[in-house]
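Single-letter residue listing:
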Amino acid sequence: MGGGAARSSCPPRLKRRLLLLLLLGLCSRTAALRGNDNSEALPESIPSAPGTLPHFMEEPDDAYIIKSNPIVLRCKAMPAMQIFFKCNGEWVHQNEHVSEESMDETTGLKVREVFINVTRQQVEDFHGPEDYWCQCVAWSHLGTSKSRKASVRIAYLRKNFEQDPQGKEVPIEGMIVLHCRPPEGVPAAEVEWLKNEEPIDSNLDENIDTRADHNLIIRQARLSDSGNYTCMAANIVAKRRSMSATVVVYVNGGWSSWTEWSNCNARCGRGWQKRSRTCTNPAPLNGGAFCEGMSVQKITCTSLCPVDGNWEVWSEWSVCSPECEHLRVRECIAPPPRNGGKYCEGLSQESENCTEGLCIQDIETASDIALYSGLGAAVIAVAVLVVGVTLYRRSQSEYGVDVIDSSALTGGFQTFNFKTVRQGNSLLLNSSMQPDLTVSRTYSGPICLQDPIDKELMTESSLFNPLSDIKVKVQSSFMVSLGVTERAEYHGKAHSGTFPHGNNRAFGTIQARNKATYIQNLSSISTRSELKTTAIFGHLGGRLVVPNTGVSLLIPHGAIPEESSWEIYLAVTQKESSLQPEGTDVLLGPEVTCGPSDFSVSTPFALTIPHCAEVNSEHWNIHLKKRTQQGKWEEVMSVEEETTSCYCLLDPYACHILLNSFGTYALIGEPISECAVRQLKVAVFGCLSCNSLDYNLRVYCMDNTPCAFQEVVSDERLQGGQLLEEPKLLHFKGNTFSLQISVLDIPPFLWRIKPFTACQEVPFSRVWCSSQKPLHCAFSLERYTPATTQLSCKICVRQVKGHEQILQIQTSILENERETITFFAHDDGNFPAQMGPKAFKIPYSIRQRICATFDTPNAKGKDWQMLAQKNSINRNLSYFATQSSPSAVILDLWEARHQHDGDLDSLACALEEIGRTHSKISDITETETEEPDFNYSRQNGL
């Protein structure tokens, strides 16, 4: 009993030892199995010194999940038997670990690196008091080490800004503060400011600060700080743009210094004198306030009245002289002339014979009598010689026109009578034709007749067809102009030399050595006259137009001084321009010359040049260039530039330029993006070839300017070509893609075209850098039978990955059956020049009232700046502020823009909107508009 009890009862300490051994065995088996699962065997010993714990060579970093892309956390430790991740306090399953093991060559210790992936779903499913986090735990034989906690967050950036910047108008040198609060996001967005789509770098400009809580601060505003400002917010997820804020830096006008007081207007007694100042120091800009106060001051003045002089009484007669004369004198001192009074009239001394005729002087000697006799005989001989030479030349004359030139004697305008044609004269055209007394032809271009040889040249020209009683006016035996009708005017083209015309200008004759040059100039005029126009302008101004080119010149009223006139010309260069653009720059229009170059006007004139650019300041940077006397080209201005030297207004198809000096000008376009569009006009011409069965189609792609089209039309007329379809507009982009031209839908049983010739491709550089030369592609079609007279097909012109135009051809190849297509929308060839009030759409009396109304400053802002705004002139107003009459220059610009339509109703509506006038310009009676014409004609002797 007692022994059994002793065997069955074990001591408690022994039981605890047995249980501990059993647990240790189970743990070592589990560890062995886990090591087999990872294909790794735990090291039995560590080759380092005792007491070394794992050291982290790389700890996990904070990370952001972008969209649905998982992130990778990594951890590296040495020495380490195992490394596991623990996320949000829970162990990550060992199957989600990717581990790499290596040996450090220096210490020989084992290095272990572990990676895990964290997905967006894991982060979204975690709901804890803090962000999703992960931590590394590394084991060695001596213990464990823990890394830092790495947070994992989902990155985002909301769309709407918490505060957008607001536009401001600030005075110059004022402070600008633009506030911006970016959208909420993780991580927090960084802010960048843009000005006109260009980044702002505050490090390069000490005047700008962008560091203060995302705000933009400009300490002292400058004119260059005007623009559109945008706040850009960005993080690793996305970028966001705020609403653009427009900042306008304006300049309030300031008065210039007063001028000197004028002279008193009263010659005698009480009057007034004045002084003036202008609002140009500085001129108001960008909507700044006009100067307050008076621009003119007047004060009263008193002028001393002039006192005319008067003679005193004669003195006593002097003693009789040896010449038997005695004298007496008097002085102009009773009273003397004062304050501009007249001097005494009459002699200040008198003499008379003091011997009552008894003392007589000898008469002239015999030598004096001989001298006077010889001079008289010489004068008579010269007169007889002149009469004899004149009679001899008249008897030897074989011309059919007798010219009686008396202008050499009088120096003024004299009338010439061209007598009827003598029978049998071979020098005149149609000498047998009877004169038509009802025909009247008028010319106003100057023609040079310097001497009889020049007159012979003009007699042989076609200008003098046999018309009876044609009157010619000659000025100083040099300029000849035929009479001008009331409305229809034709202006001949003169040689390149131009001269001022005044009442006191005298011209000599051209010597014999210059005659060949004159004949050469006259012959060149006949071949190139269609692109040059010349006329004589005076104080009333006028307009010059080169027909069918879109080029015109407006000379304002008062630009030429009174009592003087100038011969002004306008020409378009026909040959290839001397201006060669650089790189991808494009010559957008013709090269235009106006002159004379040595003459300057007192008021800006308006020069209109057509262009082929699709106007967009984001895609084009357009420059105006001028050729110097040395033949080089220099830049005058950029169209968007703020300057007071000249002004450019860019319309969709033409550029209107206000200038003060004549010269040669051209427009250059600099494309600043691939979206820059060059407008091309596509036209198709056709004609029969030498082979009666062949028909030629010629497709032209030219600049969309009238002068480029006119050049093509002139060439086709010489080749017998006919325009088959109304031209169409092609928008050709500067994106380096080529141009394709093809013929489609040819009737298969009536016409045929050679294989592989129905489509032609032109490289981009050939089209873009054509330097005004039209692109030309030709196609040859062949009829099967001569009975086929109708042609129907399509011409497709397209830019690869760009615009496309299709021209439908429906025509007869016989000229007598073909329909005529109008070449030009505005046929201005009948009126290449208009002088005086006829050249302007706005009557002069109405124009004066508008200028008097709007040139005066107004506190409510209803002045010339409002007039400019209503006429779509919103840029570079400082140019107009520097003019003596800003309203007059604005109206000149309106005249240049509306030379074809003359839409006076729109101008009247604009004036009524301003509220400064209620008169409608279009209701002006015909009498008011024609009365100035009468005065003008009377003043100019027409």
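This structure is a prediction, so every number in the text was calculated from the model and none was measured. Starting afresh in each chain, residues are numbered from 1 along the sequence in its written order. The predicted origin of the model limits local features to residues at a pLDDT of at least 70 and limits the giving and counting of side-chain atom pairs to 80 or more, whereas totals for whole chains, interfaces and linings rest on all residues. Processing note: side-chain calculations cover all non-hydrogen atoms of the structure and skip hydrogens and water entirely.

### Observations concerning the overall build of the protein chain
Next up, step 1: A helix here means a DSSP run of H or I that spans at least four residues, while a strand means a run of E at least two residues long, and both kinds are numbered starting from the N terminus. In terms of regular secondary structure, the protein chain is built from 15 helices and 53 strands.
Next up, step 2: Remark: exposure states derive from per-residue accessible area (1.4 Å probe, protein chains only) relative to the maximum for the residue type, with buried under 20%, exposed over 50%, and partly exposed in between. A buried classification covers 40% of the 942 residues belonging to the protein chain.
Next up, step 3: Contact definition: two residues touch when any of their heavy atoms are within 4.5 Å. Partitioning the contacts of the protein chain with sequence separation of at least 6, the portion at a separation of at least 24 is 69%.
Next up, step 4: Methods summary: accessible areas were calculated by the Shrake-Rupley approach with a probe of 1.4 Å, and residue burial reflects only the protein chains presented. Accessible surface, the protein chain: about 53,200 Å² in total, of which carbon and sulfur atoms supply 51%.

### Re the nonpolar core
Next up, step 1: Within the largest apolar cluster, 72 residues are counted, with the highest numbers of intra-cluster contacts made by Leu 553, Leu 697 and Leu 739.
Next up, step 2: Among all residues touching Leu 697, those that are not within four sequence positions of it are Val 684, Phe 685, Leu 724, Cys 777, Ala 778, Phe 779, Leu 781, Leu 791, Cys 793 and Ile 795.
Next up, step 3: Counting 36 residues, the second-largest nonpolar core is a separate cluster that includes Ala 839, Phe 854, Leu 867 and Leu 893. By convention a nonpolar core is built from buried Ala, Val, Leu, Ile, Met, Phe, Trp, Tyr and Cys residues, the set being connected through side-chain atoms within 4.5 Å.

### Side note on the layout of surface pockets
Next up, step 1: Within this model, the second largest pocket holds a volume of roughly 1,700 Å³.
Next up, step 2: Lining of the second largest pocket is provided by 49 residues; of these, Asn 286, Glu 642, Asn 874, Arg 875 and Asn 876 occupy positions nearest its centre.
Next up, step 3: Of all elements in the fold, only strand 19 (227-234), strand 21 (245-250), strand 38 (620-627), strand 40 (647-650) and helix 11 (864-870) reach the threshold of two or more residues within the lining of the second largest pocket.
Next up, step 4: A total of four residues in the lining of the second largest pocket trace back to one element, the largest contributor, which is strand 40.
Next up, step 5: Looking at the lining of the second largest pocket, its residues break down into 20 nonpolar, 21 polar and eight charged. Points on a 1 Å grid over protein atoms alone make up a cavity when a 1.4 Å probe fits among them but cannot get out, and a pocket when they form an open set with protein on both sides within 12 Å along at least five of seven lines; lining residues each have an atom within 4 Å of a point. Grid points are joined across faces, edges and corners, and a volume is the space filled by probe spheres set on the points. Charged means Asp, Glu, Lys or Arg here, nonpolar means Ala, Val, Leu, Ile, Met, Phe, Trp, Tyr, Cys or Pro, and polar covers whatever is left, Gly included.

### Brief notes about the pattern of salt bridges
Next up, step 1: By salt bridge we mean one thing: a side-chain nitrogen of Lys or Arg within 4 Å of a carboxyl oxygen of Asp or Glu. Inspection of the entire model under this criterion finds 24 salt bridges.
Next up, step 2: Across the salt bridge formed by Glu 101 and Arg 112, the nearest N and O atoms sit 2.6 Å from each other. Of the two residues, Glu 101 is situated in strand 6 (residues 98-103) and Arg 112 in strand 7 (residues 110-118); the sequence distance between them amounts to eleven residues.
Next up, step 3: Within the structure, one salt-bridge network assembled from shared partners comprises Glu 58, Arg 74, Lys 76 and Glu 113.

### Notes on unusual backbone geometry
Peptide bonds are, in most cases, trans, and in most cases residues other than glycine have a negative phi.
Next up, step 1: The peptide bond linking Met 78 to Pro 79 adopts the cis configuration, its omega dihedral lying at -15°.
Next up, step 2: In this structure, Pro 79 sits in the loop between strand 3 (71-78) and strand 4 (82-87).
Next up, step 3: Look at the link from Gly 595 to Pro 596: it is a cis peptide, with omega at 15°.
Next up, step 4: Phi at Asn 286 is positive, roughly 55°, even though this residue is not glycine.
Next up, step 5: On the secondary structure map, Asn 286 appears in the loop between strand 22 (269-276) and strand 23 (296-303).
Next up, step 6: In the Ramachandran plot, Asn 339 falls in the positive-phi region, its phi being about 55° despite a non-glycine side chain.

### A few points about a nonpolar patch on the surface
Next up, step 1: Together, Leu 371, Tyr 372 and Leu 375 make up an exposed nonpolar region whose accessible area comes to about 360 Å².
Next up, step 2: Its location among the elements puts Leu 371 in helix 4 (residues 366-396). Exposure above 30% relative accessible area and no salt bridge define the residues that can form patches, which grow by joining like charges within 9 Å and nonpolar side chains of Val, Leu, Ile, Met, Phe, Trp and Tyr within 5 Å.

### Concerning the packing of aromatic side chains
Next up, step 1: Centres within 6.5 Å are what make two rings of Phe, Tyr or Trp a pair, Trp counting through its six-membered ring; a difference in plane orientation under 30 degrees is then read as stacked, over 60 as edge-to-face, and the rest as tilted. Scanning the model with the defined rule gives 16 aromatic pairs in all.
Next up, step 2: Summarising the aromatic geometry, the rings of Phe 599 and Phe 662 are spaced 6.2 Å apart at their centres and angled 20° between planes, so their arrangement reads as stacked. With Phe 599 in the loop between strand 36 (592-595) and strand 37 (600-610) and Phe 662 in the loop between strand 41 (654-661) and strand 42 (663-671), the pair connects residues that are 63 residues apart, well separated along the chain.
Next up, step 3: When its relative accessible area of 7% is taken as the criterion, Phe 599 is described as buried.
Next up, step 4: Taking relative accessible area as the criterion, Phe 662 reaches 2% and is therefore assigned buried.
Next up, step 5: Sitting over the ring of Phe 709, Lys 681 keeps its end group 4.9 Å from the ring centre. Comment: the charge-over-ring label is applied if NZ (Lys) or CZ (Arg) is within 6 Å of the ring centre and within 35 degrees of the ring normal.

### Digging into the state of the cysteines
Next up, step 1: Note on terminology: disulfide denotes any pair of cysteine sulfur atoms within 2.5 Å. Under the criterion given, the structure shown has seven disulfides.
Next up, step 2: Across the disulfide, Cys 87 is cross-linked to Cys 134 (sulfur-sulfur distance 2.0 Å). The sign of the S-S torsion, about 105°, decides the handedness of the disulfide formed by Cys 87 and Cys 134: right-handed. With Cys 87 in strand 4 and Cys 134 in strand 8 (residues 132-140), this residue pair connects regions lying 47 residues apart in the sequence. The exposure classification of Cys 87 matches that of Cys 134, with both residues buried.

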